[in-house]
Amino acid sequence: MPTLETILSDITTLTVDAIVNAANSSLMGGGGVDGAIHAAAGSELLNECIKIAHSRRPNEPCSTGDAVITGAGKLPAKYVIHTVGPVWRGGTKGEPELLASCYRKSLLLAQENGIESIAFPNISTGVYGYPKEKAAEIAVNTVRHTLNEAPCVNKVIFVCFDHENFSLYKSKM
Ligand code: AR6
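So, here is what we can say about the structure in this document. This one's a predicted model, so the numbers in the text were calculated from it and none came from an experiment.

Here we take up the layout of surface pockets. As a volume, the largest pocket reaches approximately 580 Å³. Along the wall of the largest pocket there are 28 residues; nearest its centre are Ala22, Gly32, Val33, Asp34 and Gly126. Of all elements in the fold, only β2 (18-23), α1 (32-41) and β6 (155-160) reach the threshold of two or more residues within the lining of the largest pocket. A total of four residues in the lining of the largest pocket trace back to one element, the largest contributor, which is α1. Of the residues assigned to the lining of the largest pocket, the class counts are 12 nonpolar, 12 polar and four charged.

In structure tokens, the structure reads:
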């Protein structure tokens, strides 16, 4: 059985096969966890993102709910999986399905790449304004449901950066 863990930490410090980035559709970096990951990984990561962006749709290299994978530059992880969460617009614009898709597609990409351990941030709960409790429920349920399609993955870590998310995840595990 794969293990699911919740920790309070900075995701850039983790030695796991893959960390997930809460990116935006440009893949060119930004603030929050995206900014922290690019700052710690260095220019190699941005260069890989630029290459992917150039090979895809020019105005939206990664659509909301989708995910792409790169190396991890100077980070201790081996890979970064970049996924684009939905901006919260009240909950009736497909946000729950799009957020679930981020977790699901990230795990399927992990499986394709032989990744055994993966760490997720609390996607969309920062700048994108997704209510934290609703987001935590989707994260935990989607990961639980998708793991049987990703048998290679034996460890999933939910990395919280604030105490509110940390206690929400603890209560859902
Ligand atoms: N480690 C773990 N979690 C973190 C870290 C970190 N170092 N830093 C922040 N968080 P956000 P979003 C948490 O805003 O809401 C970017 O500009 C943070 O506390 O990073 O998906 C992108 O480029 C929050 O719980 O991502 C996009 O434009 C969670 O990570 C946009 O923000 C997500 O917050 C994406 O918005």
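Moving on: unusual backbone geometry. Even without being a glycine, Leu27 presents a positive backbone phi close to 65°. By the element assignment, Leu27 lies in the loop between β2 and α1. For Leu27, a relative accessible area of 2% corresponds to the buried category. Residues other than glycine seldom take positive phi values, yet Ser124 does so here, at roughly 75°. With respect to the helices and strands, the residue Ser124 is situated in the loop between β5 (117-120) and α4 (132-146).

Conventions used here
- Residues numbered from 1 in each chain as written.
- Predicted model: local features only at pLDDT ≥ 70, side-chain atom pairs only at ≥ 80, totals over all residues.
- Heavy atoms only, no water.
- 1 Å grid on protein atoms, 1.4 Å probe; cavity = no way out; pocket = protein on both sides within 12 Å on 5 of 7 lines; lining within 4 Å.
- Points joined across faces, edges and corners; volume = space filled by probe spheres on them.
- Helix = DSSP H or I, 4+ residues; strand = E, 2+ residues; numbered from the N terminus.
- Nonpolar A, V, L, I, M, F, W, Y, C, P; charged D, E, K, R; others polar.
- Buried < 20%, exposed > 50% of the residue type's maximum accessible area, 1.4 Å probe, protein only.

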